[in-house]
Amino acid sequence: TKSCGACCGMYNHVGAARSSTMERLRVRTAAFYAEADIADPDSLLAFREKWEPTEHKLIVWLPSCPFLGLIGQNVGCLVHPLLNGGADGRDCGVYDRATCDDYLCAAHAVLRPIEKWLVIAALDDSFDYGLAVTDPLFVRQLLEQTASLNGAMPSNRQVMANPRAATRYLRLKAAFPYGADDAVLGQVTGSTDLDTPRRMGPSEALGVASDRWETILRCLGATVADPGELDDARQIVEEAVREFADAVAL
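Enquirer: Can you help me understand helix α7 (residues 136-150) in this one?
Expert: Since there are 3.6 residues in each turn of an α-helix, residues three or four apart along the chain are aligned in direction. Here α7 contains 15 residues, and its C-alpha end-to-end distance of 21 Å stays within 8% of the 21 Å for a straight helix at 1.5 Å per residue. When we look at burial in α7, the residues that qualify are Pro136, Phe138, Val139, Arg140, Gln141, Leu142, Leu143, Gln145, Thr146 and Ala147. With its phi angle positive at about 90 degrees, Gly151 sits one or two positions after the end of α7.

So, in structure tokens, the structure goes:
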């Protein structure tokens, strides 16, 4: 019911909200089937030249593959051989087939099995899933803050008994009211060169003392105008974490 297109550039766009991102993928998918032919590399290269995003990117050096589209309701590779009866058009994309076959993102290595399972079980669609699963620190903070609140790290059995209790927290990645314009990038900010600066936490930005929620707020790309907004942002995070902590404590 979901898949991740982060490394293909799905979120690397100014204003990468759910509605605009999914609409862009819908339009591009329809254009692909109207303009390109998997058996004709020239048509694939022409499609790439026309549709590869080059402007309004949050990280300008990060590739954004024009062959990322929609397969049903999920994001996926429109030129992948499993979708095209064995025909493989990935060499015409921003990566090549060998890179696509061999690559696993950093989150794959960093996340523990129970953390991967929690994200998979708690979220229903590709937009939410891709944002959460590619930010291991954000996912791990939920469990670590739960351990601090409950006095012990939740067991795998406790987590698996009620994974939907994490949905509210994990969905903050896609719909946090205090997220910056580039909040989809999480702990880093947009960049016009090879440097990707670490994001400043909202407490640090205001010059006030941080609290236990600062790391999560940084993962959410939080930007606040004053201490009142900071208090509200902290409360939103705390309520979502406590909802999960209370559920797994039962």
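Next comes the rest of the account.
Enquirer: Teacher, can you tell me more about helix α2 (residues 41-51) here?
Expert: All buried positions along α2 are accounted for by Ser43, Leu44 and Phe47. Down the axis of α2, the buried side of the element spans an arc of 100 degrees, and every buried residue falls inside it. For α2, the exposed residues set more than 90 degrees away from the buried face come down to Asp42 and Glu49. As for α2, its buried residues are in contact with α1 (18-35). You can read the cap of α2 off the contacts: a side-chain oxygen lies 3.1 Å from the backbone nitrogen of Asp42, and it is on Asp40.

Enquirer: Please explain the nonpolar core as it appears in this structure.
Expert: Generally speaking, nonpolar side chains in soluble globular proteins are found buried as a group. Grouped together as the largest cluster of nonpolar side chains are 38 residues, with contacts concentrated most on Tyr169, Leu170, Phe176, Val237 and Phe244. Among the secondary structure elements, those contributing two or more residues to this core are α5 (113-122), α6 (126-133), α7, α9 (167-170), α11 (214-219) and α12 (227-249). Tallying contributions element by element places α12 first for this core, with nine residues. Counting 15 residues, the second-largest nonpolar core is a separate cluster that includes Tyr11, Leu25, Phe127 and Leu185.

Thresholds applied
Note on numbering: residues in each chain are counted from 1, in written sequence order. The predicted origin of the model limits local features to residues at a pLDDT of at least 70 and limits the giving and counting of side-chain atom pairs to 80 or more, whereas totals for whole chains, interfaces and linings rest on all residues. In computing side-chain values, all of the structure's heavy atoms are included and hydrogens and water are not. In DSSP terms, a helix is any run of H or I states spanning at least four residues, a strand is any run of E spanning at least two, and both are numbered starting from the N terminus. Helices are assigned an expected span. That span is 1.5 Å times one less than the residue count. Exposure is judged per residue with a 1.4 Å probe applied to protein chains only, and the accessible area is read against the type maximum: over 50% gives exposed, under 20% gives buried, and values in between give partly exposed. The arc in question is traced by the directions running from the helix axis to the C-beta atoms. Between two residues, a contact is recorded if the distance between any of their heavy atoms is within 4.5 Å. In the analysis that follows, any N or O atom pair within 3.5 Å is treated as a polar contact, provided that within protein one partner can donate a hydrogen and the other can accept it, and provided that, for residues neighboring in sequence, both atoms belong to side chains. Take the buried Ala, Val, Leu, Ile, Met, Phe, Trp, Tyr and Cys residues and link them wherever side-chain atoms come within 4.5 Å; each set so joined is a nonpolar core.

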